[in-house]
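Residues per chain are reported as follows:
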Amino acid sequence: MYKTLSFLLFTACFGLSGCATTLLDKAFPNETTQTQSVTLKQDQIIALGQAIQNQTEQALVFIGQDFNYLMTDGSAELLKLLNTIPTEQRTLTSPSPLVLTMEDPNHFHGVLQIRYNTRMVDLNQKQKVLLKSLGFRQNFDLIQNQQTAPYPYINVFFKGQLYQGLDHKKIQQKLPQPYPILLQQQITTTTKHPVKRATHMVLYPLAMAFDVVTVTPLLIWSDMRGDFNK
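Along each chain, numbering runs from 1 in the same order as the chain's sequence is written. Given that the model is predicted, a residue must reach a pLDDT of at least 70 before its local features are reported, and side-chain atom pairs must reach 80 or more before they are shown or counted; all residues, however, enter totals for whole chains, interfaces and linings. Excluded from the side-chain calculations are hydrogens and water; all other atoms, namely the structure's heavy atoms, are used.

Draft legend 1. Broad picture of the nonpolar core. Definition used in this section: a nonpolar core is a set of buried Ala, Val, Leu, Ile, Met, Phe, Trp, Tyr and Cys residues joined via side-chain atoms within 4.5 Å. Relative accessibility under 20% of the residue-type maximum defines a buried residue, over 50% an exposed one, and the middle range a partly exposed one, all with a 1.4 Å probe and only protein chains included. Counting residues in each nonpolar core, the largest one holds 36 residues, and the members touching the most others are Tyr69 and Phe136. Helix and strand labels come from DSSP, where a helix needs a run of H or I of at least four residues and a strand needs a run of E of at least two; each type is numbered from the N terminus. When contributions to this core are tallied by element, the ones reaching two or more residues are β1 (32-53), β2 (57-64), β3 (68-73), α2 (75-84), β5 (98-102), β6 (107-116), β7 (153-163) and β8 (179-191). The residues contacting Tyr69, other than those within four sequence positions of it, are Asp43, Leu60, Val61, Phe62, Gly64, Leu100, Phe108, Gln161, Leu162, Tyr163, Ile181 and Leu183. Judged by nonpolar contacts, the second largest core, of 10 residues, contains Ala47, Ile63, Ile171 and Val215. Throughout, a residue-residue contact means that at least one pair of heavy atoms, one from each residue, lies within 4.5 Å.

Encoded structure:
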């Protein structure tokens, strides 16, 4: 009997000890991790163009005041959207400035949100089929209140890289107004001791092997947002 009680008491204490250790770990963790966005550079898009490689592959280019931004992934999807949907039927709803998150000193990723300017309750069948073919994911047949019915929208996720800029004298037509852009880095800091550590990134654009960069105005973009038409 005595041995049984001793065993039960030991087991209870061990369990409580485990609970206490867990509580202490949560209250006083061995390390803490914090992620913050750090702005590396501010730039402005002053023109738009298309980079052409091997006379076949094309990609959208943001021509900046300091750097050029070649969209390597997502360019075909974005250009299809802009070419298919008339300018008066779409709006760029991404916040200004456009944020590009740097993955390393040359490569970035970002997202553009494009809204179709017809409420979901007012879409006809042809429009629904078109938007679905372009990648819009909303349930267009869902009954909505006429006053609060949302607009269809799509997020275009893209990747790209910096490359050496053009001679600005060769740009045939600039945007009516420069469009602000931010280059940011996500810095994760793990604190194990009072001394904190963080990473640092230096931007350096590389020369690209594209044969031609066309800088004639891309009007399909310029009407997406009022800022580009002032």
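Next comes the rest of the account.
Draft legend 2. Local environment of α2. Within α2 the residues assigned to the buried category are Ser75, Leu78, Leu79, Leu81 and Leu82. Down the axis of α2, the smallest arc covering the buried residues is 155°, so these residues share one side. Set apart from the buried face of α2 by more than 90 degrees, the exposed residues are Ala76 and Asn83. Working definition: the arc comes from the directions between the helix axis and the C-beta atoms, pointing outward to the latter.

Draft legend 3. Unusual backbone geometry, seen in detail. Cis geometry is adopted by the peptide bond preceding Pro97, which originates at Ser96 and carries an omega value of 5°. Within the secondary structure, Pro97 is located in the loop between β4 (90-92) and β5.

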